[in-house]
Amino acid sequence: MNNTTSSNAEENNNEMVVTPWEVKGKVDYERLIKEFGTQPLTPQLLERVEKHTDKLHLQLERKIFFSHRDLDTVLDLYDKGTKFVLYTGRGPSGPVHIGHLVPWIFTLHIQQKFNTRLYFQITDDEKYLISDNADLKNTAKWSYENALDLIALGFKPQDTFIIYDTQDIDLLYDITLEVAKRITYSTARSTFGFQDSTNIGWIYWPAIQAAPCFIHKKLTGENVPALIPAAIDQDPYWRVTRDIAQKLGYYKPAQIHCRFLPGLGAGGKMSASMPETSIFTIDPPDVVKKKIWNAFTGGKGTAAEQRKTGADPTVCSIFQYYFFLFEEDTAKLAERERKCRGGEMLCGECKKDIAEKLNGFLKAHQERREKAKDVIDQYHIKR
Ligand code: TYM
């Protein structure tokens, strides 16, 4: 597939490509705001969010969520008494990695503060259609496994509704038809980069990711907007959905976009297709330690050189894990950065510490995942 931000990505390996199916190169978030036509999250808007949440979530404070569409409209409506629903999802291509958890942790926070429903779509059909080697048995297995991860984060069954596409297509199908009829092939091709060789299942498929934006009205009769927290790679879906929403009598779905947690290599997002540079939620402690030990950092060739000239935390994947997930105390984070730059703290120390933090987090997460097996059916969307 070609991409939505650049037509000649092959020419330069570091060229930015951000599509729902591929993210590579150095991601320039300011440029994405311009090219995708989204809005930056302004201090004024953050203040409005903070009024409802007591304290600004760390992911907003650190600008991990950095962009939006219509968040202001959703807040206007909320202030006047119209609630919203949350919608997000997962393409079950393999195990969940800690990057996927970033928007889900934020979604849970918004759900708790605004007391809203979440619709969570598991797109086994998408993964089957787009991948040459996926089969439906395998995507069903990962759908189940990935749902456990969502539940392990603390979502409650009374307001969390998981949609497994191939099982629940009867609930979505009429909405996908309404959507598909109003999106031309020309729009879909220019938005998603479809080519002559693209299979026709994939060409129809964006209508299926659009459908949960509108499912709340069908299930409850209530017409409220959907707010979608996700990384910015999913934005092309919302562009086409927003264009047709009002024609169908729905609110335009709103979005709040986050940055990508990087992988453990030099640059690039954490991606399930690169297991050696991803930390999966099901990784055992020794695997985590090994992956972290091999991680790319901003360190120097020798300890002596690093003590003398310091390291560069801006290119270090480990530092980003503290920033995104594992150091909530901003003063301590600044102190770590200072020591790194000044050569006082070497990479080995940071790696040892983050491996311990990760393994502590994963141990608790894996225990909750096991418990989720007893309750997973309660989350399955009901007819
Ligand atoms: P998928 O499975 O590729 O990704 C699931 C969610 O994780 C986000 N994400 C990341 N966030 C931070 N750092 C990363 N390294 C990282 N990698 C992925 C994605 O943006 C996504 O929010 N087609 C979708 C499934 C889906 C969906 C949705 C996602 C269906 N409906 C509505 C978001 C909202 C997919 O394959 O996501």
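See above for the structure.
Residues numbered from 1 in each chain as written. Predicted model: local features only at pLDDT ≥ 70, side-chain atom pairs only at ≥ 80, totals over all residues. Heavy atoms only, no water.

## With respect to the site of the ligand
Thinking step 1. Neighbouring residues of the ligand: 25 residues in total, closest Arg90, Gly91, Glu126, Gln209 and Asp233.
Thinking step 2. Contact between the ligand and Tyr87: a nitrogen atom at 2.8 Å from a side-chain N or O atom of the residue.
Thinking step 3. Within the side chain of Arg90, one N or O atom sits 2.7 Å away from an oxygen atom of the ligand.
Thinking step 4. When isolated, the ligand has an accessible area of 680 Å², and the protein chains bury 98% of it.
Thinking step 5. Elements supplying a minimum of two residues to the shell around the ligand: β5 (85–90), α5 (98–114), α6 (124–130) and β8 (226–231). (Near = heavy atom within 4 Å. Polar contact = N/O pair within 3.5 Å; in protein donor to acceptor, adjacent residues only side chain to side chain. Areas by Shrake-Rupley, 256 points an atom, 1.4 Å probe, with all protein chains shown as cover. Helix = DSSP H or I, 4+ residues; strand = E, 2+ residues; numbered from the N terminus.)

## Details of empty space enclosed by the protein
Thinking step 1. By the definition in use, this model includes three cavities of 30 Å³ or more.
Thinking step 2. Taken as a whole, the largest cavity holds about 110 Å³ of empty space.
Thinking step 3. In terms of lining, the largest cavity is formed by 16 residues, of which the most central are Cys316, Phe319, Cys340, Cys347 and Cys350.
Thinking step 4. Looking at the lining of the largest cavity, the elements with two or more residues in it are α16 (317–326), α17 (330–341) and α18 (347–372).
Thinking step 5. Of the residues that constitute the lining of the largest cavity, the class distribution is ten nonpolar, four polar and two charged.
Thinking step 6. What lines the second largest cavity is simply Val49, Leu60, Leu71, Leu75, Phe84, Phe106, Ile110, Phe114, Leu227 and Ile256.
Thinking step 7. Partitioning the lining of the second largest cavity into residue classes produces ten nonpolar, no polar and no charged. (1 Å grid on protein atoms, 1.4 Å probe; cavity = no way out; pocket = protein on both sides within 12 Å on 5 of 7 lines; lining within 4 Å. Points joined across faces, edges and corners; volume = space filled by probe spheres on them. Nonpolar A, V, L, I, M, F, W, Y, C, P; charged D, E, K, R; others polar.)

## What about the pattern of salt bridges?
Thinking step 1. According to the stated counting rule, one finds 23 salt bridges in the structure shown.
Thinking step 2. In this structure, Asp170 engages Arg383 in a salt bridge whose closest nitrogen and oxygen atoms are separated by 2.7 Å. With Asp170 in helix α8 (residues 165–181) and Arg383 in the segment after α18, the pair connects residues that are 213 residues apart, well separated along the chain.
Thinking step 3. With a shortest N-O distance of 2.9 Å, Glu337 and Arg341 are connected by a salt bridge. Note that Glu337 and Arg341 are positioned in helix α17 at a spacing of four residues, about one turn of the helix.
Thinking step 4. The network of salt bridges with shared partners includes Arg48, Asp76 and Asp79. (Salt bridge = Lys/Arg side-chain N within 4 Å of Asp/Glu carboxyl O.)

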